[in-house]
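Structure at a glance
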Amino acid sequence: MAIILDILAQIIGRTPFWVWIVLFILIKRGIKLSQDNSVSLKRTVIMPFIFICWGLDRVLESFKYPLLTLILYVPMILVGAFFGYLLYRKRKYYVKDNILFQEGSWLPLTIILINFSFKYILNVYMSVNTESMGMLNFNLIYAIISGATVGLFLGSLFKAYRAKQLLVG
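For the structure given in this document, a descriptive report is provided here. (Residues numbered from 1 in each chain as written. Predicted model: local features only at pLDDT ≥ 70, side-chain atom pairs only at ≥ 80, totals over all residues. Heavy atoms only, no water.)

1. What about the packing of aromatic side chains?
Scanning the model with the defined rule gives 10 aromatic pairs in all. Look at Phe116 and Tyr120: their rings are 6.0 Å apart centre to centre, the planes differ by 15 degrees, and that puts the pair in the stacked class. With a gap of four residues between them, Phe116 and Tyr120 both fall in helix H5 (residues 107-128), about one helical turn apart. For Phe116, a relative accessible area of 6% translates into the label buried. Here the aromatic rings of Phe138 and Tyr142 are separated by 6.5 Å at their centres, their planes lie at 45 degrees, and the arrangement is tilted. You can see Phe138 and its partner Tyr142 sitting in helix H6 (residues 136-167), four residues apart, about one turn around the helix. Judged by relative accessible area, which is 7%, Phe138 ranks as buried. Here Tyr142 falls in the buried class, since its relative accessible area comes to 0%. (Phe/Tyr/Trp six-rings, centres within 6.5 Å; stacked < 30°, edge-to-face > 60°. Helix = DSSP H or I, 4+ residues; strand = E, 2+ residues; numbered from the N terminus. Buried < 20%, exposed > 50% of the residue type's maximum accessible area, 1.4 Å probe, protein only.)

Right, here's the structure in full:
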């Protein structure tokens, strides 16, 4: 048990400070989305943008097979977006004072934490096993997981965009 705690302390201690800031911001955003709030498509784009940039940076800067990884990454974003749209299909929207609102839900925080956790685990694994970035199978696994989880955010964005088109016009 002591070895596991030591490993966890090493992982957490070696995590760059900016990662903790990003996690704090993401949790804060997820908690805010648990309550009814106005929909801003600009704000909704922020999270997918952060995770796409994080994933693309890793793929382009570190992987031995960036082209093959990207070829799988992009369609997995679409798969994730489809499932994200399905997850959000029951999300309710309404108009108040000509502003689109969405009902609060804990689903966004759950998706945020799942996405962050997968990215964090993959990046820790790559830091511990630096040779993984040169392995085709790991590059493809990263593309599948990273693309699909980013797509979940895009599914939410598509749902909000559709609601805005239908309700606000």
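That was the structure; now back to the text.
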